[in-house]
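Each chain is listed here by its residues.
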Amino acid sequence: MSAITGCIYHNQIVQLDVMEPVMRSFAPYPWDRVHSWCDGHVFMSCHAQWVTPESIHEYLPYYEEETGLAITADAILDNRSDLFERLEVPNESRKRVTDSQLILMAYMKWGELAPKHLIGDFVFMIWDEKKRKLFGARDVSGHRTFYYVADSERFAFCSRITPLFKLPYFRKQLNEQWLAEFLAINGMSESYDIHATAYQNIKQIPPAHSITVHFGGMVNLHRYDHIDQVETLYLKSDGEYEEAFREVVEEAVSSRLRTFKQVGAALSGGLDSGTVASFASPLLKRQGKTLQAYSYIPISDFVDWTSSRLIADETPFIRSTVEHIGNIQEHYMDFADKNPLSEVNEWLSLMEMPYKFFDNSFWIRGFYEQAQKENVGVLLTGGRGNFTISWGPALEYYAQLLRKGRLFHMAKELQLYSRQAKVPRSRLLPMIGSKAFPSIHTFFHKKKERTALPELIHPDFAKKMEIYSGNEQYITSSNTNMIDAVQARQEKFSNLSIANKNGATSTKLSLRYGLLERDPTSDPRVVRFCLSVPLEQYVQKGRDRALLRRAMNNRLPDNVRLNQSLRGVQPADWIHRIRPQWDEFTSELVKISKDSSVSSYLNISQIEKGLAKIKEPRPEMAWDPEVRLLMHSLIVYRFLNQF
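Residues numbered from 1 in each chain as written. Predicted model: local features only at pLDDT ≥ 70, side-chain atom pairs only at ≥ 80, totals over all residues. Heavy atoms only, no water.

Novice: Even after reading the chapter, I still don't get the overall build of the protein chain, so can you show me in this structure?
Specialist: Within the protein chain, the secondary structure is distributed over 23 helices and 19 strands. In terms of overall size, the protein chain behaves like a compact globule, its C-alpha atoms giving a radius of gyration of 25 Å where 643 residues would be expected to give roughly 26 Å. Its C-alpha atoms give the protein chain principal-axis dimensions of roughly 75 × 65 × 45 Å. The 643 residues of the protein chain split such that 59% are buried. Considering only contacts in the protein chain between residues 6 or more positions apart, those separated by 24 or more positions represent 74%. When the accessible area of the protein chain is evaluated, it comes to approximately 26800 Å², of which 49% is carbon and sulfur surface. Of the side-chain charges in the protein chain, 78 are positive and 77 negative, and the distance between the mean point of each set is 5 Å. (Helix = DSSP H or I, 4+ residues; strand = E, 2+ residues; numbered from the N terminus. Rg over C-alpha atoms; globule rule 2.2 N^0.38 Å. Buried < 20%, exposed > 50% of the residue type's maximum accessible area, 1.4 Å probe, protein only. Contact = heavy atoms within 4.5 Å. Areas by Shrake-Rupley, 256 points an atom, 1.4 Å probe, with all protein chains shown as cover. Lys, Arg positive; Asp, Glu negative; His and termini not counted. Charge placed at Lys NZ, Arg CZ, Asp CG, Glu CD.)

Novice: Where do I start with the packing of aromatic side chains in this structure?
Specialist: Aromatic ring pairs are defined here through the distance separating the ring centres and the angle between the ring planes. Here the structure, examined in full by the defined rule, presents 33 aromatic pairs. Here phenylalanine 165 and phenylalanine 170 contribute two aromatic rings whose centre-to-centre distance is 5.5 Å and whose plane-to-plane angle is 10°, an arrangement assigned as stacked. Judged by relative accessible area, phenylalanine 170 falls into the buried class, the value being 11%. Ring centres of tyrosine 398 and tyrosine 417 lie 5.8 Å apart, and the angle between their planes is 75°; on these two criteria the pair is classed as edge-to-face. Linking tyrosine 398 in helix H10 (residues 394-403) with tyrosine 417 in helix H11 (residues 407-421), this pair joins segments that are 19 residues apart in sequence. In this pair, the class of tyrosine 398 matches that of tyrosine 417, namely buried. In textbook terms, an aromatic cluster arises when at least three aromatic residues are bridged by ring pairs, as seen for Tyr294, Tyr296, Phe335, Phe362, Trp363 and Phe367. (Phe/Tyr/Trp six-rings, centres within 6.5 Å; stacked < 30°, edge-to-face > 60°.)

Novice: Explain the confidence of the model for the protein chain here, please?
Specialist: Low pLDDT marks regions whose predicted coordinates should not be analysed in detail. Here the protein chain averages 93 in pLDDT, and 96% of its residues register 70 or above. Taken together, the stretch residues 476-481 has pLDDT below 50 and engages in 9 contacts with residues farther than four places along the chain or on a different chain. (pLDDT = per-residue confidence, 0-100.)

Novice: Looking at this model, I keep getting lost on the pairing of strand S1 (residues 2-9). Mind explaining?
Specialist: Every regular strand shows the same layout, with side chains that alternate between the two sheet faces. Where burial is concerned, most of S1 is hidden: 8 out of the 8 residues are buried. Covered by surrounding structure in S1 are Ser2, Ile4, Gly6 and Ile8 together with Ala3, Thr5, Cys7 and Tyr9, the residues of both alternating faces.

Novice: What is the right way to look at the state of the cysteines in this model?
Specialist: One way to say it: the disulfide is the covalent bond shared by the sulfur atoms of two cysteines. One pass over the full model with this rule turns up 0 disulfides. No disulfide involves cysteine 38; its sulfur sits 7.4 Å from that of cysteine 7, the nearest cysteine. (Disulfide = S-S within 2.5 Å.)

Novice: Looking at this structure, I do not really get the side chain of arginine 638. What am I missing?
Specialist: Here arginine 638 is to be found in helix H23 (residues 625-640). Exposure remark for arginine 638: the relative accessible area of 15% places this residue in the buried category. There is a polar contact of 3.1 Å between the side chain of arginine 638 and the side chain of asparagine 345. (Polar contact = N/O pair within 3.5 Å; in protein donor to acceptor, adjacent residues only side chain to side chain.)

Novice: Is there a simple way to think about H10 in this case?
Specialist: Turn by turn, an α-helix covers 3.6 residues, leaving residues three or four places apart pointing in a common direction. Across the 10 residues that make up H10, a large majority, 7, are buried. Of the residues making up H10, those classed as buried are Ala394, Leu395, Glu396, Tyr397, Tyr398, Ala399 and Leu401. Where H10 is buried, its residues touch H11, helix H12 (425-436) and helix H15 (485-494).

Novice: I'm lost on helix H9 (residues 358-373) in this one. Help?
Specialist: Across its 16 residues, H9 extends 24 Å between first and last C-alpha, which sits within 8% of the 22 Å expected from 1.5 Å per residue. For H9, the tally of buried residues reaches 12 of 16 residues, placing the bulk of the element in the interior. Taken residue by residue, H9 has Phe358, Asp359, Asn360, Ser361, Phe362, Trp363, Ile364, Arg365, Gly366, Phe367, Tyr368 and Ala371 as its buried positions. After H9 finishes, the residue asparagine 375 shows a positive phi value of roughly 60°. (Expected span 1.5 Å × (residues − 1).)

Novice: How should the environment of glutamate 352 be read in this particular structure?
Specialist: Structurally, the position occupied by glutamate 352 is in the loop between helix H8 (344-351) and H9. The spacing of glutamate 352 and serine 254 is 98 residues in sequence and 33 Å in space, taken between C-alpha atoms. Each residue touching glutamate 352, except ones within four places of it in the same chain, is listed here: Arg160, Ile161, Thr162, Pro163, Tyr199, Trp347, Lys508 and Phe639. Of note is the side chain of glutamate 352, whose polar atom sits 3.0 Å from the backbone nitrogen of isoleucine 161. Only 2.5 Å separates the side chain of glutamate 352 from the side chain of threonine 162, close enough to count as a polar contact.

Novice: In this structure, what is going on with the pattern of salt bridges? I would like to understand it.
Specialist: Between side chains of opposite charge, pairing is possible as soon as their charged atoms come close. Summed over the entire model, instances satisfying the criterion amount to 36 salt bridges. Ionic pairing is found between arginine 549 and aspartate 544, a salt bridge with its closest N-O pair at 2.8 Å. Each member of the pair, arginine 549 together with aspartate 544, is buried. Across the pair arginine 618 and glutamate 620 runs a salt bridge, and its minimum N-O distance is 3.3 Å. We classify arginine 618 as partly exposed; its relative accessible area is 38%. A residue is classified by how much of its surface remains accessible, and glutamate 620, at 40% relative accessible area, is partly exposed. Several salt bridges converge on common partners, so that one network encompasses Asp78, Asp121, Glu251, Arg256, Arg518, Asp523 and Arg525. (Salt bridge = Lys/Arg side-chain N within 4 Å of Asp/Glu carboxyl O.)

Novice: How do you make sense of empty space enclosed by the protein when you look at a structure like this?
Specialist: Gaps left between atoms show up when a probe the size of a water molecule is rolled over them. Under the criterion given, the structure shown has 8 cavities of 30 Å³ or more. Volume-wise, the largest cavity comes out at about 100 Å³. Trp178, Glu190, Ala196, Gln204 and Asn500 are, among the 14 residues lining the largest cavity, the residues nearest its centre. Looking at which element gives the most residues to the lining of the largest cavity, the answer is helix H16 (residues 496-513), with 4 residues. For the lining of the largest cavity, the residue count by class is 6 nonpolar, 5 polar and 3 charged. As a volume, the second largest cavity reaches approximately 60 Å³. If you go around the second largest cavity, the residues you meet are Met1, Val51, Thr52, Glu54, Ser55, Glu58, Ala75, Ile76, Thr98, Asp99 and Leu516. In terms of residue class, the lining of the second largest cavity is made up of 5 nonpolar, 3 polar and 3 charged. (1 Å grid on protein atoms, 1.4 Å probe; cavity = no way out; pocket = protein on both sides within 12 Å on 5 of 7 lines; lining within 4 Å. Points joined across faces, edges and corners; volume = space filled by probe spheres on them. Nonpolar A, V, L, I, M, F, W, Y, C, P; charged D, E, K, R; others polar.)

Novice: Can you walk me through the pairing of strand S6 (residues 120-128) in this structure?
Specialist: A large share of S6 lies buried, amounting to 9 of its 9 residues. The two faces of S6 match: Gly120, Phe122, Phe124, Ile126 and Asp128 on one face and Asp121, Val123, Met125 and Trp127 on the other face are all buried. As defined by bridge partners, strand S5 (residues 69-77) adjoins S6 across 9 bridges and the pair is classed as antiparallel. What sits directly across from leucine 69, in S6, is aspartate 128. Hairpin geometry of S6 and strand S7 (residues 133-138) is characterised by an intervening segment of 4 residues between the two adjacent antiparallel strands and by a positive phi of about 55° at arginine 132. (Pairing = 2+ DSSP bridges.)

Given below as structure tokens:
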């Protein structure tokens, strides 16, 4: 795990004093080794953080005189055993081979097709002296970031954006198109343009893409893989699907435990993180290690205002999981001194751009702070589990049965589902009908006005940037009953802007705290397996998420494994947390509403409308879109004030 940077000058020798300020900008972060390499026109550096046993002996940048190849990399590979076999690495030397050396071997064997053969979290850049070109790539899921600037004279790259500001030929400038898209998209995505960043002239290499920079100035990007393109997997029995599920998940978890430090996990009371922990714990026990589990709980004086089907404090389910699995050290953390408002400046500095996940920001960073204190090298998560291992939309499957005329089977399934999910069939049938025949539903409901979500972008700014021209599919609908779960899942893996956001968060947190976030539920092997499994494996006998529920029998406690009536939510207490700073919060919002420097970007009338609503802070406003918009406006406002 590293922060890498470098450049190539096409028409002159690299001036090392120009790169010195870039290198110094990494100083605040914890590094185990800092090294650089220069060969006239090309400069590379690496600020390394040791996580794996091999990384301790890894010197980057690394130059191989025999081949004329130099590499710098931020990489941890998860298919080392497979690569050893395919690259014919002798058994006696495999323990000493570093991940960057494996990448070089792959490049020598497969050339620019090498990234397609690598599984893991990586970015790298190779200088091919003989072919006079730089070649690099970002992993298929985008777990590590890779930014660059380019003109006719030079090309520079970096793991972070801020160091590129130190280059004398770079001028920090707002990318208004990116900002317009960020403001307009109601979901967590940041931009339609997967190459863009919040700054003019700074671009990012998207996930699943490689880049080639030819000496002389030509830059080419190529998408080397599509993780969502799979064929349906047909096995003989339910048991075979369950066994295949366990094998692929265990492989993904096992390959992510490769650290000489401790291993931690973000653990909720749900299926995804519990499944990851259930595979990790026994594997760690064999190594003489205990899994460190970090769990968010609401602040002590919070009164749960959510519905009877939601649970804000998941402690009972977490304890059941811990007791059932064993070999887990629990950490229940309420972060009483933290809240989304107190975190804004820290996160803006960390992310180098505005962000949308404010309500979770304090506990996400809090996990990293605690894990760092306990010498954790790898922090396991189950971030993509809802769309991989625990996927299984019951209503979509029942709609499919209805369309196919399989009414008896649907009625039997629905009866079981209604009983187990504790939802009356009278509520379920209209939803199933609308999903089965959306055109009929639209016809009968076309006269009804849909509740419009409040917009943070100023209408004139949206019009100027042509923000709604052809991009409506990314604007989240407020009518969630009409969202097709199958299409939504496909979108999660085909829309690389989502991966960009996730990668930026995990990379920048890991560099700041010296530990690596690893998500087995987004392992390409897991993703492809889960996408290939037929829908009927995911919904059976009235059970949604049925494949995981069956496969994890005896591995998770039944009150967690079979729970269909309660859902954990985080964090329902963010308004309650901000109450002591409420005057500060509202005062800044009033300031925003009167600031002419941002009035051309932000929808001031909507901010004023929201202000009128929040005169008295009520915890149940936590999910009110107009109130949430106020926090988003404050974050964007502080970001814009940096220019």
